[in-house]
Amino acid sequence: MSYKAPLKDMQFVLNELANLAQINQLPGCEDATADTVEAVLEENAKFCGEVIAPLNHAGDKEPSFWKDGSVTTSKGFREAFRAFGEAGWQGVQHPQEFGGQGLPKLVATPCMEMLHAANLSFALAPLLTDGAIEALLTAGSDEQKALFLEPLISGKWTGTMNLTEPQAGSDLAAVRTRAVPQGDGTFKVYGTKIFITYGEHDMAENIIHLVLARTPDAPPGVKGISLFIVPKFLVNADGSLGARNDAHCVSIEHKLGIKASPTAVLQFGDHGGAIGTLVGEENRGLEYMFIMMNAARFGVGMQGVGLAERAYQQAAAFAKERIQSREVAGSPGPVAIIHHPDVRRMLMSMRSQTEAARALAYVGAGISDIAHSHADEATRKANLAVYEYLVPVIKGWSTEMSENVARDGVQVHGGMGFIEETGAAQHYRDAKILTIYEGTTAIQANDLVGRKTVRDGGAVAKSLIAQVRATEAQLREVQGADFAALADRLAAGSAALEQVVDFVVANARSDVRAVFAGSVPYLKLAGIVLGGWQMARAALVASRKLGAGEGDAAFLRAKIATARFFGDHVLSQADGLRIAIVEDAAGVLALDVEQF
Ligand SMILES: Cc1cc2nc3c(=O)[nH]c(=O)nc-3n(C[C@H](O)[C@H](O)[C@H](O)COP(=O)(O)OP(=O)(O)OC[C@H]3O[C@@H](n4cnc5c(N)ncnc54)[C@H](O)[C@@H]3O)c2cc1C
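In this text, all values refer to a predicted model and were calculated from it rather than measured experimentally. (Residues numbered from 1 in each chain as written. Predicted model: local features only at pLDDT ≥ 70, side-chain atom pairs only at ≥ 80, totals over all residues. Heavy atoms only, no water.)

A short note on the overall build of the protein chain
Spelled out, the test is: Here a strand is any run of E in DSSP of at least two residues, a helix any run of H or I of at least four, and the numbering for each starts at the N terminus. This radius of gyration counts C-alpha atoms alone. The globule rule is 2.2 Å times how many residues there are, raised to the power 0.38. The criterion used for residue contact is that any of the two residues' heavy atoms lie within 4.5 Å. Per-residue accessibility takes into account occlusion by the displayed protein chains alone, with areas from the Shrake-Rupley method and a 1.4 Å probe. Counted as positive: Lys and Arg. Counted as negative: Asp and Glu. His and the chain ends are not counted at all. Charge placement uses NZ in Lys and CZ in Arg. For Asp and Glu, CG and CD serve respectively.
Along its length, the protein chain carries 21 helices and 12 strands. Taking 2.2 N^0.38 as the reference for a compact globule, 596 residues should give roughly 25 Å; the C-alpha atoms of the protein chain span a radius of gyration of 24 Å, in line with that estimate. Considering only C-alpha atoms, the protein chain reaches an extent of 75 × 60 × 55 Å along its principal axes. A separation threshold of at least 6 residues defines the contact pool for the protein chain, and within that pool the share at least 24 residues apart is 74%. Summing over all exposed atoms, the protein chain offers an accessible surface of approximately 23800 Å²; the carbon and sulfur share of this is 53%. Mean positive and mean negative side-chain charge positions of the protein chain (54 and 68 charges, respectively) differ by 4 Å.

Put into structure tokens, the structure is as follows:
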């Protein structure tokens, strides 16, 4: 099953919802004109569809493998990664100063989506490399930037993120890896890191591991964690490769999904110490890693959108071909299953949630660009706060959504969905990791509650709710049942979200367990209300364009119908989530531990 990038929807979201024209006016974003962006997306779609997507199923069947400390990646990955780097795709959003294209995150985001949709396993190498680049751009010294950024941005080298240890997963306070200063500005790193994505592979000349570790006198907990660069091959002052460093891959994991991506156990310092250099200041490692994680968490949210799109395309194509049963209203003979209302319900559910998550993520990317590049500091700060609120929602909600969409994709296929050769099962298996790595959905929800809601007394959440209400008012001005229904659902959704935000803020100190009992439902509620808001905005644009006789009428009418479906079938769940969070937190904790 091939992948065809949904360029029409991507362009619609970029231009009409995420306001590309406004982003293009920001200092440093002048190159992102509508024409350039269209050309970039078309080229990227071609590359992802023709070069990367065909490797997806084969990589699942013949995963990367480990032998004697080295990893051989799945067939075709090496060549494809070289082509990816040479075409400049790693550098889309990175500074021109270091060889990147310097385009806004808003433009990089659809490129990311296409790559993830084409091949989740392949796309992980660029995703983690992006995170390493972000961390070095923010906290690296001039020397580190000069040495590492250009080869990472050109795709000559890749980056990794080394947080997890056997006893330290969600809880990074438990990190034990040690970094001992050598008196010459370098450190020797000792410890074991597990689950390191692309921790070892054969696709690039060097691998730049970013490693969390503790220096000898570091305070306990997260306040004593520092960040180190530990390259696989040491890098000489002129950028050439030096000796092999003492960082070795001792095995890779056998997994449920994303099988082509190697997930490594890395042993640092077993043969005398792995040489590393400190990034930024000592004991501020977690802070820097959060920069990397925010980029990576957003990226994983885009993996959810990409995977959902691919699963939807596959299910829709199958539903048009598979002949089974007569139509419920009567037909001369059996029909393609797409004529059965329940199959249509599943396809609409898959499509509407994918479109909503795409729209929310792209709008988030535009807000991130304003937060980085706007000339006015207060505007930058305000947008940064909104972006930071959205990151756990985009990561948590889009990935949970993708798992449901991939599950429906299997269901549309019937028995063939359970059989590996169709590929629907691979999407379902691949989707599962997305709600786990880069922080599980619960960890995203903790972040949403603690740092993003309680800390500012719900101010950012309330500012978003006010915008949702403004859209609701606009919907009420448009004639037609679709718009009235959407306005009602949005009104109910924003009311539910507001009550939950009030509940979270009011009880954060007095009844913290009750608040966290509802943290994941709160994240889902925020996702469906904010996603529904974007669908409502899309319906308004579609109505205006149809009225003016502009654009592709069939696409615009489908947008309104899809928004209406999202309102009635997804957004309508908002009050159920509110009840679970506000009225029955006690139910979560009602039984004693012994009763389980
Ligand atoms: C394929 C794969 C690739 C990965 N890639 C990388 C990588 O490149 N780099 C890296 O450093 N790590 C990586 N990881 C590790 C990944 O980030 C962790 O597995 C993940 O953060 C969860 O940690 P854990 O597995 O220890 O689970 P635990 O932390 O043990 O969690 C188990 C369960 O408890 C819940 N839980 C734990 N703490 C809390 C809490 N405070 N509140 C509520 N619920 C909680 C979790 O949500 C989860 O449901 C990868 C993992 C996999 C499987």
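Some details on the state of the cysteines
Basically, it comes down to this: When two cysteine sulfur atoms are found within 2.5 Å, that pair is recorded as a disulfide. Exposed residues in this analysis have more than 50% of their type's maximum accessible area, buried residues have under 20%, and partly exposed residues fall in between, with area computed by a 1.4 Å probe over protein chains only.
By the definition in use, this model includes 0 disulfides. With no disulfide of its own, Cys-48 lies closest to Cys-111 among cysteine sulfurs, the gap being 7.6 Å. We classify Cys-111 as buried; its relative accessible area is 6%.

With respect to the environment of Leu-286
Considering the arrangement of structural elements, one finds Leu-286 in helix H9 (residues 285–321). Of the residues examined, Leu-286 reaches a relative accessible area of 12% and is grouped as buried. The sequence separation of Leu-286 and Ala-213 amounts to 73 residues, and the corresponding C-alpha distance is 9.8 Å. In contact with Leu-286, not counting residues within four places along its chain, are Leu-172, Leu-212, Val-222 and Ile-225.

Some points on the site of the ligand
Rules: Near, as used in this document, describes a residue that has one of its heavy atoms within 4 Å of the molecule or strand being considered. Pairs of N or O atoms are called polar contacts if they sit within 3.5 Å, as long as, within protein, a hydrogen donor faces a hydrogen acceptor (for residues adjacent in sequence, only side-chain-to-side-chain pairs).
Met-161, Thr-164, Ser-170, Phe-195 and Thr-197 are the nearest of the 19 residues found near the ligand. Contact distances for the ligand include 2.7 Å between an oxygen atom and a side-chain N or O atom of Thr-440. One of the side-chain N or O atoms of Asn-446 is found 3.1 Å from a nitrogen atom in the ligand. For the ligand, whose free accessible area comes to 970 Å², the fraction covered by protein is 63%. If you list the elements that add at least two residues to the shell around the ligand, you get strand E3 (157–162), strand E5 (187–197) and helix H14 (441–454).

A look at the packing of helix H1 (residues 7–17) against helix H19 (residues 553–570)
To be explicit about the condition: The angle between two axes is taken between their N-to-C directions and runs from 0 to 180 degrees, where each axis is a line fitted to C-alpha atoms and a helix contributes only its stretch in contact. Between 65 and 115 degrees an angle is taken as roughly perpendicular, under 35 as roughly parallel, over 145 as roughly antiparallel, and anywhere else as oblique. As a working rule, the residues Ala, Val, Leu, Ile, Met, Phe, Trp, Tyr, Cys and Pro are called nonpolar, Asp, Glu, Lys and Arg charged, and the rest polar, with Gly in that last group.
In contact at an axis separation of 12 Å, H1 and H19 are set at 70° when each is read in the N-to-C sense. Classified by the angle between their axes, H1 and H19 sit roughly perpendicular to one another. Note on element contacts: H19 touches H1 through Phe-555, Leu-556 and Lys-559, opposite Lys-8, Asp-9 and Phe-12. Of the residues in the contact of H1 with H19, the class split is 3 nonpolar, no polar and 3 charged.

Quick word on the packing of aromatic side chains
We count it as follows: Only rings of Phe, Tyr and Trp enter the pairing, Trp through its six-membered ring, and a pair is recorded when the two centres are within 6.5 Å. The plane angle decides the type: under 30 degrees is stacked, over 60 is edge-to-face, the rest tilted.
Counted by the stated rule, this structure contains 9 aromatic pairs. Arranged with centres 5.6 Å apart and planes meeting at 75°, the rings of Phe-77 and Phe-122 form a pair that is edge-to-face. Placement of the pair is Phe-77 in helix H5 (residues 77–86) and Phe-122 in helix H7 (residues 120–139), with a sequence separation of 45 residues. On the numbers, 6.2 Å between centres and 45° between planes, the contact of Phe-298 with Tyr-387 is tilted.

With respect to the domain arrangement of the protein chain
The test is simple: Residue ranges labeled as domains rest on an automatic or database domain assignment.
The domain boundaries assigned to the protein chain delineate domain 1 (7–64 + 73–139), domain 2 (157–282) and domain 3 (442–596). Each of domain 2 and domain 3 was reduced to a C-alpha centroid, and the two centroids are 40 Å apart.

Here's the deal with the pattern of salt bridges
Worth spelling out the cut-off: Salt bridges, as used here, are contacts in which a Lys or Arg side-chain nitrogen is within 4 Å of a carboxyl oxygen on Asp or Glu.
Taken as a whole and judged by the stated rule, the model has 30 salt bridges. The salt bridge involving Glu-165 is made with Lys-193; its shortest N-O contact spans 2.8 Å. Of this pair, Glu-165 sits in the loop between E3 and strand E4 (178–181) while Lys-193 sits in strand E5, placing them 28 residues apart in sequence. Each member of the pair, Glu-165 as well as Lys-193, carries the same accessibility label: buried. Each of Asp-9, Glu-113, Glu-309, Arg-351, Glu-355, Arg-358 and Lys-559 takes part in a single network of salt bridges with overlapping partners.

Structural notes on the side chain of Lys-545
Note on placement: Lys-545 falls in helix H18 (residues 519–548). Judged by relative accessible area, Lys-545 falls into the buried class, the value being 15%. Here Glu-16 takes part through its side chain, which lies 3.3 Å from a polar atom of the side chain of Lys-545. If sequence neighbours within four positions are ignored, Lys-545 has contacts with Glu-16, Glu-550 and Leu-556.

Remarks on the environment of Asn-507
Looking at the secondary structure, you find Asn-507 in helix H16 (residues 481–507). Here the alpha-carbon distance between Asn-507 and Val-454, two residues 53 residues apart in the chain, equals 9.4 Å. Not counting chain neighbours up to four residues away, the residues in contact with Asn-507 comprise Val-512 and Val-515. A distance of 2.8 Å separates a polar side-chain atom of Asn-507 from the backbone oxygen of Phe-503.

Considerations on a nonpolar patch on the surface
Which entries qualify depends on this criterion: Excluding any residue in a salt bridge, patches collect residues exceeding 30% relative accessible area, merging like charges within 9 Å and nonpolar Val, Leu, Ile, Met, Phe, Trp and Tyr side chains within 5 Å.
There is a patch of nonpolar side chains on the surface, built from Met-416, Phe-418 and Ile-419 and spanning about 320 Å² of accessible area. Looking at the secondary structure, you find Phe-418 in helix H12 (residues 415–418).

Observations regarding the nonpolar core
This is how it is decided: What makes a nonpolar core is a set of buried Ala, Val, Leu, Ile, Met, Phe, Trp, Tyr and Cys residues whose side-chain atoms join them at distances within 4.5 Å.
Formed by 172 residues in total, the largest nonpolar core has its most connected members in Leu-347, Tyr-389 and Tyr-522. Examining the composition of this core, we find that 18 residues originate from one element, H9, more than from any other. When sequence neighbours within four positions are dropped, the list of residues in contact with Tyr-389 reads Leu-448, Lys-452, Thr-453, Val-460, Ala-461, Leu-464, Tyr-522, Ala-526 and Leu-530. Judged by nonpolar contacts, the second largest core, of 17 residues, contains Ala-247, Ile-252, Phe-268 and Leu-278.

Topic: H7
What counts, and what does not: Each helix should span, by expectation, one fewer than its residue count multiplied by 1.5 Å.
Counted at 1.5 Å a residue, the expected span for H7 with its 20 residues is 28 Å, and the 28 Å between its end C-alpha atoms agrees. In terms of residue burial, H7 counts as a mostly covered element, since 17 of its 20 residues are buried.

Side note on the pairing of strand E7 (residues 226–231)
If a strand is regular, its side chains alternate between the two faces of the sheet. Selection rule: Think of it this way: DSSP has to see at least two bridges between two strands before they count as a pair.
Burial of E7 is extensive: 6 of the 6 residues sit out of reach of the surface. The alternating pattern of E7 places Ser-226, Phe-228 and Val-230 and Leu-227, Ile-229 and Pro-231 on opposite faces, both of which are buried. Taken together, the 6 bridges between strand E6 (residues 206–213) and E7 define a ladder with antiparallel strand orientation. When the bridges of E7 are listed, Leu-210 appears paired with Ile-229.

A look at the packing of H1 against helix H10 (residues 341–373)
As a reminder, the rule being used: Less than a right angle of anticlockwise turn of the near helix away from the far helix marks a crossing as left-handed, whereas a clockwise turn marks it as right-handed.
Following both chains from N to C, one finds H1 and H10 inclined at 45°, their axes separated by 10 Å at the closest point. Between H1 and H10, the angle is such that the two are oblique. The handedness of the crossing between H1 and H10 comes out as right-handed. Within the contact between the two elements, H1 uses Asp-9, Met-10, Val-13, Leu-14 and Leu-17 and H10 uses Glu-355, Arg-358, Ala-359, Tyr-362 and Val-363. Here the residues of the contact of H1 with H10 are counted per class, giving 7 nonpolar, no polar and 3 charged.

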